[in-house]
Every structure is written in C-alpha cells, then in structure tokens.
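So the chains spell out like this:
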Amino acid sequence: MSDLTATATEAPSPTKALLQLCRRLERAWTLPDILDAVSPVAEQVLGYPHCWLGIYGLKPGFVSILLHSSQMQDPALARAIDTTEIPIAGDSMVQEIMAADHVVVVADARTDPRTNKEIVAALHNRTIINIPLIMAEQRLGSVGMGTYGDAEGVRPPLPWQIDFMQAMGAHVAVAMDRVRFMQARKEAEDALYHEKERLQVTLHSIGDAVISANAHGDLLYINPAAEALTGWNLTAAVGKPYGEVFRLIGADGPGEPVPDMMAGAIAAAQAQRYPELQLQPLHGGRVLVEATVSPIRDADGEVQGAVLVFRDVTEQRRLSHEIAYQALHDELTGLGNRRAFEQALALAFEGTRGTAQHDVVCYLDLDEFKVVNDTCGHAAGDTMLREISRLFAGLLDEKDLLCRIGGDEFGILLAGRSMAGALQLADRLQQALARYHFVWLEQRFGVGVSIGMVALDAQTESVGALLQAADSACYVAKEAGRNRIHVYAIDDPALAQRYGVMEWVSRIEHALLHDRFELFAQPIVPLQEDTSQGLHCEILLRIRSEQGELVLPGRFMPAAERYHLAARVDRWVVTHALRWVVEQQDRIGQCSINLSGQSLGDAAFTTFVLQALARAEVPCSKLCFEITETAAISNLHTAKHFIETLRACGCKISLDDFGSGLSSFAYLRNLPVDVLKIDGQFVRDIDRDPVSLAMVKSIHEIGCLMGKRTVAEFVESQALVELLQGIGVHYAQGYALGHPVPLAQVLGGTT
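What comes next concerns the included structure. (Residues numbered from 1 in each chain as written. Predicted model: local features only at pLDDT ≥ 70, side-chain atom pairs only at ≥ 80, totals over all residues. Heavy atoms only, no water.)

## Topic: the pairing of strand S5 (residues 125-135)
When you tally the buried positions in S5, you get 9 out of 11 residues, the bulk of the element. One ladder, built from 3 bridges, connects strand S4 (residues 104-106) with S5; its direction is antiparallel. Looking at S5, one finds that Val-106 is bridged to Ile-128. Alignment of S5 against strand S6 (residues 138-148), held across 9 bridges, turns out to be antiparallel. The partner of Asn-125 across the bridge, within S6, is Tyr-148. (Buried < 20%, exposed > 50% of the residue type's maximum accessible area, 1.4 Å probe, protein only. Helix = DSSP H or I, 4+ residues; strand = E, 2+ residues; numbered from the N terminus. Pairing = 2+ DSSP bridges.)

Have a look at this one:
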C-alpha cells in the first residue's frame, strides 16, 4: 500500500506526497485519471476531502467541472454536480480564478461576495480553494478543493499548504497538457483512419478507373475498375511504371510515341484532360478511354505524384458517331438529309459574302411518286427512291452535293456553277429520269421530276430566303405542268401569283398602320396536377380584312418574312399582348407570345423587348416567348443569345414545333429553353401510329431529363388527351381543349 492510501492520521510528508503524486500523474491518460491522482493528496495531505477539476475550453463560455467528494452524502447530488458546466460570464469568482497566477482562497463561501450563492447553497461549500493550472502561458483550468458542510466548517489553508498547492498545480498542469495532447493526437489519428477508410471504400466502389503514382511515375494504387480495364491486379501492378500498366497505343498504331501524361501533369502542376486515348489491356485488344491526370500535392503544396482517372468510352464514342451520322444522313438512301443540306448551304452562303463566288441551288420534287406508293406500297416507293438517288448521284460531279430533304424531294448544291451550266445539268437529270422505268411485281412505272433553281451569290439575303426561293420555283415548275425546270427571279410574275406577295406586303403595311391586326388566345391546359394559378394561353395573330374576313398568319407571314416585315409585326404583337397581360395579370398564370425567326437575329428587336418588359408592370415570370425549332436552329448563335437575355429577365422560352427537324435532339443541349412544344404532326396520330406515339414519348422523356416542361399541340380529341396524360405530358393545346378566341372573350368564359 502506498503512502497516499494510508489512513488520514498517517498522512505522508509533503515532499514524499508530491513525489507520489508525480508518479501517479505519469500514469494518467485521461482527465478523470488526473483527478483520481489528485484527490488522495487533497484529502490525506491537505485535509480537503472535497476535490474537483475545472476544465477550460471543452465548451465555449463555460468552465467544465469534474468532481470527487468522499464526504458528500447525497449520491444523486454528486452525480448532478459531476461534469457540471458553470457559465463564465457574470461569475466574478470564476473570472478571478481564470485570470490568477496564484492560489485563490475563499475562506467562507457563504459570506464571500465573490461567490455564486445559489451554487454554494446547493453544494454546501464553506472554504473553497482553486489552484490555477498554467502551462507555457496557456491557462488549462484549475484544481479545486475545500470543505463541505458545517461539519467540516471553515478551514483556510496554512502557508505551507499554499506552497504545496502551487507546486502540485505545476505538476498537474504538465499532466493535463500531456493528456490533452494525447487526446488531440488520438482524435487526429482516428479522423485520419476514418478518412483513409472512407477514401479506400470510395475508390473501390466508384465506377471510374483510378491509378495513382509517385513523382517518378511508379504505380502506388489501382482500384478495381482500373484492374478490370487494364487487366492488371493491385498486387502485380504496385511498384511498376504506370505506363506499363496503363499501356497506350499511338494514333498510328503500336510503336508510335505516346504522351507521358503523369509527367505532363506534374510538370504543369495542374490537371490535364485527354478526351480520347487507345488503351491496350494486358491480355490484348483495344479500349477507347477518356482520362484526366491531376497532380497530388503535400501539405506544403509540393507535387508528390499524380492520380489518373479514366473510363471506357468505346461504346459511347461509337454511339456518338452513329448519332452524328444519322443526324446528317437520310437512313433510306444514305444521302445527306435536310439538316446536312442546310448546313452546306450555310457554308456556301458565308463563302459568297463579299466575293464573286457563285453557286446554284436546285430543289427537285418527283412527279407521280404518290402513284407508286399508293399502288404498290411504301416498300416499293422506298426501293424506287434508292434507285433514283443512285441515278442522280451518278450524274453529278464530286464537288456537287445531293441530299434527300423530304419524302420525294431532293436538294442539290452545285458549287461554282453558272446558271447556264446548272440548267444543262438539270436537263440531263430530267432526260435520265425519263429513260428510267421502275418495275415492281411486273408493274412498270415512269416518273418525272420538277426542278426549281436559284442562284447563290453575294446578293442572296439568307439561307432561309434561298430555300424558300428554290421551293417556290419548284412549285411553279409543278404548277406549269410538271417535269419542268423553273429558275427563280425576284420579279417573276409566276412566283408573285403563287404567294400574292406584293398584295400581302401592301396589306401588312396597311394593317400595321391602321391596327387591322387582332389578337386571339388559345388555352394551354395542364394534363397533370398543376399548382400554378390563372390562365395559361398562347397569343395568336389574325388580320381583319376590309370585308371582315379573319386571315390566319399562314397566309400573310411568309410575305412578311420574305420582305423583312416580320420584326415589325412582332413588335405590334408584343406591345398589344403586354398591354392585355398587364390589365389581366391577376387572372393570368402564363401567356405565350410567338416570335418569328427574323426577330431572333435582330438586335434592335431584342432591345425593344427588354425596354417593353421594363415598362410593363407585370412579373416577367408570367411571360413565355415561343420560337420555332427551325428558326432557332437556323440562327443558333443569335437564338441562344436572345434566349439567355430574355431568361435573365425571368421570362420563359418555349421551343415550338419541336421534333420537326431530323436532328432536334442534337441541338437541344445548346438551346436553354424552358418548354418543348411537341410538333402536332406527331401528336395528332399517336392514337393510330406507333411511331408517332414513340416520338412523343421520347420527346417528353428527354425534356423531363433536361428539366423542361412539355406541351402537346393539335390535341383534337379526348382520346388524344387521355393518351397524353398517360405518357405524362405536362400541358396540351388544341380544339379538344379550347378554340382560339378574341382576347376580349378568353377570360369571359366564351370558347
């Protein structure tokens, strides 16, 4: 039995007690261990059985108390006091102890003005002694001791006891500093261990392949995904040069030099990305991967190695190439499709700006093709289209471009041709087709072709105008008796007769000047649960003729666009639509306003819209501007700028007639619109055409994945409504849900 466990009457000498205390403190690993070491000294050497530790910093703004008391009669009270936390603010006694560098003595806690009388009464304290614990000018806490209750009474320490307490406090401070250091180190080690375990689990579970290496390129780690792609396991791979495990094939095949990616990332001290690399696994073959290499830095910022993250993109690239090919090629004939033709025209158009370059564009429409389809079926029609495609391609030069741009329609871009040379080629095409006869199941068919031609040179206004002119010329050729050739001219009376262009220009100007336009609205109805308030509708434009006839935009907008009146018409629509929305805004949830393709590329029109929105006392969130897919894709850069500008104000953007283009999805990522209006040509047939149903489902699902709302157009029966609801389409518009009505009636209940 040690001296400190002897009876109180056999108390050890102060020197020996201090030595024994030091030995016990050396074995203290926790704060309770320290208190266990101090408590016998307080009781047996100093005669104070009531002993505690006050700890600073465990809880901000409080002193945490660890208590020992052999004389306390109430165990419940003892447990309540143990690990008590005393607020520092407002407690002058605590504040004095925390600031002192000497033993602080309260002779009688009941009468001393510094003490908290509620705590004193609860603990039955009389004499209280606190020894500050200071280590390297850092205040760690205090050792407290004293008498308990009237039986122990008031007993201030003697001078030698105070000296002993000062010495004891120094040793306890050292022990407490060591304990806190060990606890902090253990917490750091535990945190590091858990972090390492978490990272190991993460690296093992992620789908991407990961390889790490030191600064010399020696492999340190490879996760299971990387093992699967490279064919190496962790045990065999560790320590080898990473390039031996992550073995690349050069662009021209094995033996060609390949980049040292890790050395590059380490030298640059920043991440390096490689979008397409050929990896050769251990057991042969090739895998296409994309990779990122990032340097690994230590705590001082020095680069110590690098981590290589890669994944198999073989199938993804194959699908991307396939989709890209399909987006620009006609599946039936293998020719370019309408999108490819428009892209080629756009390049040729740019090439003619400010130059003497001249090309010719031909629009071809087969005559009597419908007879073959109706008589022998679509399989026969498809076969004939393939044969005619090969026939046309065989008559063209290598630099000429032939595309199938519609069902039985073809487009040809004749690069560098004069109109005279183009006419000779067009004549050869017609003669060759005249000699051609299509045979199907012993039936023989002849077929002709109507050709419209237009020059592409520095005077050409736009690709849209070019296509419209070629189409118009082809129409005139068909109207003139089919199997004809017609060359477009701006003053061609035959073309003017088709469209009534000059007449419509005059009538549009008159309508703008005398407010002969009228606005109608058609409801856009939610098909799913809808929390929005108020009417959703689309603003539609009409012209009221002098005879009182309502003229639909399909008759006058082509002329407006041809003669650059569309932006002026759109200004009128925006002005009057906003005026109505301001008046009815409490009853309107969202109002859609159509804009033409010309307005998208007009910077002055964008400024006009922004100014009109600034003046209108209506939340922009109630407004949605509709642009057609064709117009957006034809003016992709300007359309994107217009969309981003309007959305920044809070307006919504709807992409109308979505799906009408053969590469709609390819451009959707570049158009940050809010709403997709599914082209009505698909919607109207979904109850009897599985392909149309699949298209609508696909558009809706992709729209949802990209966070967009969908609207189905031309919903003309309850059966279509129910099908669209089942698909999950958000909104619908059409005669089954509401006819267009004048603005004055749309909120009055008349439909």
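Let us keep going from here.
## A word on the nonpolar core
One finds Phe-517, Ile-539, Trp-580 and Phe-625 to be the most contacted residues of the largest nonpolar core, which totals 78 residues. Per-element tally for this core: the top contributor is helix H21 (residues 566-584), with 9 residues. (Core = buried A, V, L, I, M, F, W, Y, C linked by side-chain atoms within 4.5 Å.)

## Details of helix H28 (residues 690-705)
Its 16 residues place the ends of H28 22 Å apart at the C-alpha level, agreeing with the 22 Å of an ideal helix rising 1.5 Å per residue. Residues of H28 that are buried: Ser-692, Leu-693, Val-696, Ile-699, His-700 and Gly-703. Burial along H28 is one-sided: seen end-on, the buried residues are contained in an arc of 130°. For H28, exposure combined with an orientation more than 90 degrees from the buried face picks out Pro-690, Val-691 and Leu-705. Two to three positions downstream of the cap, the backbone nitrogen of Val-691 sits 3.1 Å from a side-chain oxygen, assigning the N-cap of H28 to Asp-689. Positive backbone phi, approximately 75°, marks Gly-707, located one or two places after H28. (Expected span 1.5 Å × (residues − 1). Arc of directions from axis to C-beta. Polar contact = N/O pair within 3.5 Å; in protein donor to acceptor, adjacent residues only side chain to side chain.)

## What to know about the sheet that holds strand S8 (residues 219-222)
As summarised here, the arrangement of the 6 strands in space is S8-S7-S12-S11-S10-S9, forming an open sheet in which the pairing is antiparallel. The open sheet terminates on both sides in strands that have one partner only, identified here as S8 and strand S9 (248-249). Across the sheet, helix H11 (residues 261-268) is in contact with strand S7 (209-214), S9, strand S10 (272-279), strand S11 (287-297) and strand S12 (303-312); its angle to S12 comes to roughly 130°. (Contact = heavy atoms within 4.5 Å. Axes fitted to C-alpha atoms, helices over the stretch in contact; angles between N-to-C directions.)

## A few points about the side chain of Lys-478
Examined against the element boundaries, Lys-478 turns out to sit in helix H17 (residues 463-479). Taking the relative accessible area as the measure of exposure, Lys-478 reaches 17% and is therefore buried. If we ignore the near neighbours within four places in the chain, the residues touching Lys-478 are Asp-365, Leu-366, Asp-367 and Ser-450.

## Section: helix H4 (residues 92-99)
Taken together, the buried positions of H4 are Met-93, Val-94 and Ile-97. The buried side chains of H4 occupy one side of the element, clustering within an arc of 95° when seen end-on.

## Describing the packing of aromatic side chains
Scanning all chains against the criterion turns up 8 aromatic pairs. Ring centres of Phe-517 and Trp-572 lie 5.4 Å apart, and the angle between their planes is 55°; on these two criteria the pair is classed as tilted. Placement of Phe-517 in strand S20 (residues 517-523) and of Trp-572 in helix H21 is noted, with a sequence separation of 55 residues between them. Of the residues examined, Phe-517 reaches a relative accessible area of 3% and is grouped as buried. Using a relative accessible area of 11% as the deciding quantity, one classes Trp-572 as buried. Grouped by ring-pair contacts, the aromatic residues Trp-504, Phe-517, Phe-556 and Trp-572 constitute a single cluster. For Lys-59, the ring lying beneath its charged end belongs to Phe-62, and the centroid distance is 4.6 Å. (Phe/Tyr/Trp six-rings, centres within 6.5 Å; stacked < 30°, edge-to-face > 60°. Lys NZ or Arg CZ within 6 Å of the ring centre and 35° of its normal.)

## What to know about the pattern of salt bridges
Under the defined criterion, the tally for this structure stands at 29 salt bridges. The closest approach of N and O atoms between Arg-126 and Asp-108, which form a salt bridge, is 3.3 Å. A residue pair is termed long-range when its members are at least 10 positions apart, and Arg-126 in strand S5 and Asp-108 in the loop between S4 and helix H5 (117-123) qualify at 18 residues. For the pair Arg-126 and Asp-108, a shared accessibility class is recorded, and that class is buried. The shortest N-O distance in the salt bridge between Glu-713 and Lys-677 comes to 3.8 Å. Taken as a pair, Glu-713 in the loop between strand S28 (709-712) and helix H29 (718-727) and Lys-677 in strand S27 (residues 675-678) lie far apart in primary sequence, 36 residues in all. Exposure class is identical for Glu-713 and Lys-677. Each is buried. (Salt bridge = Lys/Arg side-chain N within 4 Å of Asp/Glu carboxyl O.)

## Some thoughts on the sheet that holds strand S13 (residues 359-367)
Across the sheet, which stays open at both edges, the 5 strands sit in the order S14-S15-S13-S18-S19 with mixed pairing between neighbours. Among the strands making up the open sheet, the edge pair consists of strand S14 (401-404) and strand S19 (485-487). Each adjacent strand pair in this sheet contributes to an overall mean axis angle of 20°, direction not counted. Pairing geometry for S14 and strand S15 (residues 409-414), over 4 bridges, is antiparallel. Note that in S15 the partner of Cys-403 across the bridge is Gly-411. Packing of helix H16 (residues 419-435) onto the sheet brings it into contact with S13, S15, strand S18 (448-456) and S19, and relative to S18 it is tilted by some 165°.

## A word on the packing of helix H13 (residues 338-352) against H17
Two elements in contact, H13 and H17, have axes whose closest approach is 10 Å; the angle formed by their N-to-C orientations is 120°. With respect to each other, H13 and H17 are oriented oblique. Judged by the twist between their axes, the crossing of H13 over H17 is right-handed. Contacts between H13 and H17 involve Arg-338, Phe-341, Glu-342, Leu-345, Ala-346 and Phe-349 on the former and, on the latter, Val-463, Leu-466 and Leu-467. (Parallel < 35°, antiparallel > 145°, perpendicular 65-115°, else oblique. Left-handed = near helix turned anticlockwise from the far one by under 90°.)

## Points about the packing of helix H14 (residues 369-376) against helix H15 (residues 378-395)
Close contact between H14 and H15 brings their axes to 6 Å; oriented N to C, the two are set at 140°. Classified by the interaxial angle, the pair formed by H14 and H15 is oblique. Of the residues in H15, those in contact with Phe-369, Val-372, Asn-373 and Cys-376 of H14 are His-378, Ala-380, Gly-381, Met-384 and Leu-385. Of the residues in the contact of H14 with H15, the class split is 6 nonpolar, 3 polar and no charged. (Nonpolar A, V, L, I, M, F, W, Y, C, P; charged D, E, K, R; others polar.)

## Observations regarding unusual backbone geometry
Of all residues except glycine, most have a negative phi; of all peptide bonds, most are trans. Positive phi, close to 70°, is recorded for Glu-442, a residue that is not glycine. When its relative accessible area of 81% is taken as the criterion, Glu-442 is described as exposed. Here Asp-515, not a glycine, exhibits a phi torsion of approximately 55°, which is positive. Mapped onto the secondary structure, Asp-515 falls in the loop between helix H19 (501-514) and S20.

## Describing the side chain of Asp-365
Note on placement: Asp-365 falls in strand S13. The exposure class assigned to Asp-365 is buried, which follows from its relative accessible area of 11%. Once you skip the residues sitting within four places of it in the chain, Asp-365 turns out to touch Asp-408, Glu-409, Gly-448, Val-449, Ser-450, Cys-474 and Lys-478.

## Brief notes about the pairing of S20
Two faces make up the sheet, and in a regular strand the side chains alternate between them. Most of S20 sits out of view: 6 of its 7 residues are buried. The pairing of S20 with strand S22 (residues 535-544) spans 7 bridges and is antiparallel. Looking at the pairing, Phe-520 lines up with Leu-540 of S22. With 2 bridges joining them, S20 and strand S30 (residues 741-742) adopt antiparallel strand pairing. Residue Ala-521 lies in a different strand from S30, and its bridge partner there is Val-741.

## Some remarks on the state of the cysteines
Scanning all chains against the criterion turns up 0 disulfides. Distance from the sulfur of Cys-51, which forms no disulfide, to the nearest cysteine sulfur (Cys-22) is 16 Å. Sulfur of Cys-651: no disulfide; nearest cysteine sulfur belongs to Cys-620 and is 4.1 Å away. (Disulfide = S-S within 2.5 Å.)

So yeah, pure geometry; function would need other evidence.
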